[in-house]
Amino acid sequence: MSTAPEPAPAPRDPKPALIFDDPLDRQSADDTDRGWGDRPEGDSAADLRRFLDEKPPHHL
């Protein structure tokens, strides 16, 4: 009796390589002004709209 050969297993994605560098050498989002919630320069109408949108209901 002859049997059909089994199909070859599907190729796997390579595992991500481990990186042993110092994570403190890289800049994080907190290291920039943008990371602290600064918004790009805008007009006063946009600032007023944002203020009114974020104002708590008890401040109406």
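The residue count restarts for each chain, going from 1 along the sequence in the order it is written. In view of the model being predicted, local features appear only for residues whose pLDDT reaches at least 70, and side-chain atom pairs are presented and counted only at 80 or more, with totals across whole chains, interfaces and linings using the full set of residues. Processing note: side-chain calculations cover all non-hydrogen atoms of the structure and skip hydrogens and water entirely.

A. A look at the overall build of the protein chain. A count of helical and extended segments in the protein chain gives one helix and zero strands. Exposed residues in this analysis have more than 50% of their type's maximum accessible area, buried residues have under 20%, and partly exposed residues fall in between, with area computed by a 1.4 Å probe over protein chains only. With 60 residues in all, the protein chain has 0% of them scored as buried. Strands are runs of DSSP state E lasting at least two residues, helices are runs of H or I lasting at least four, and both sets are numbered from the N terminus onward.

B. Seen up close, the pattern of salt bridges. A pair is scored as a salt bridge if a Lys or Arg side-chain nitrogen falls within 4 Å of a carboxyl oxygen belonging to Asp or Glu. Tallying each qualifying case throughout the model produces two salt bridges. Note that Arg-50 and Glu-54 form a salt bridge whose closest N and O atoms lie 3.4 Å from each other. Residue Arg-50 and its partner Glu-54 are both found in helix H1 (residues 44-54); the two are separated by four residues, about one turn of the helix.

C. Structural detail: a nonpolar patch on the surface. Together, Leu-48, Phe-51 and Leu-52 make up an exposed nonpolar region whose accessible area comes to about 310 Å². Position of Leu-48 relative to the elements: it lies in helix H1. By relative accessible area, Leu-48 is classed as partly exposed at 49%. Every patch collects residues that have over 30% relative accessible area and no salt bridge, joining them within 9 Å if they carry like charges and within 5 Å if they are nonpolar side chains (Val, Leu, Ile, Met, Phe, Trp, Tyr). All accessible areas in this document rest on Shrake-Rupley with a 1.4 Å probe, and a residue is counted as covered only by the protein chains that are shown.

Shape is all these values report; function is a separate question.
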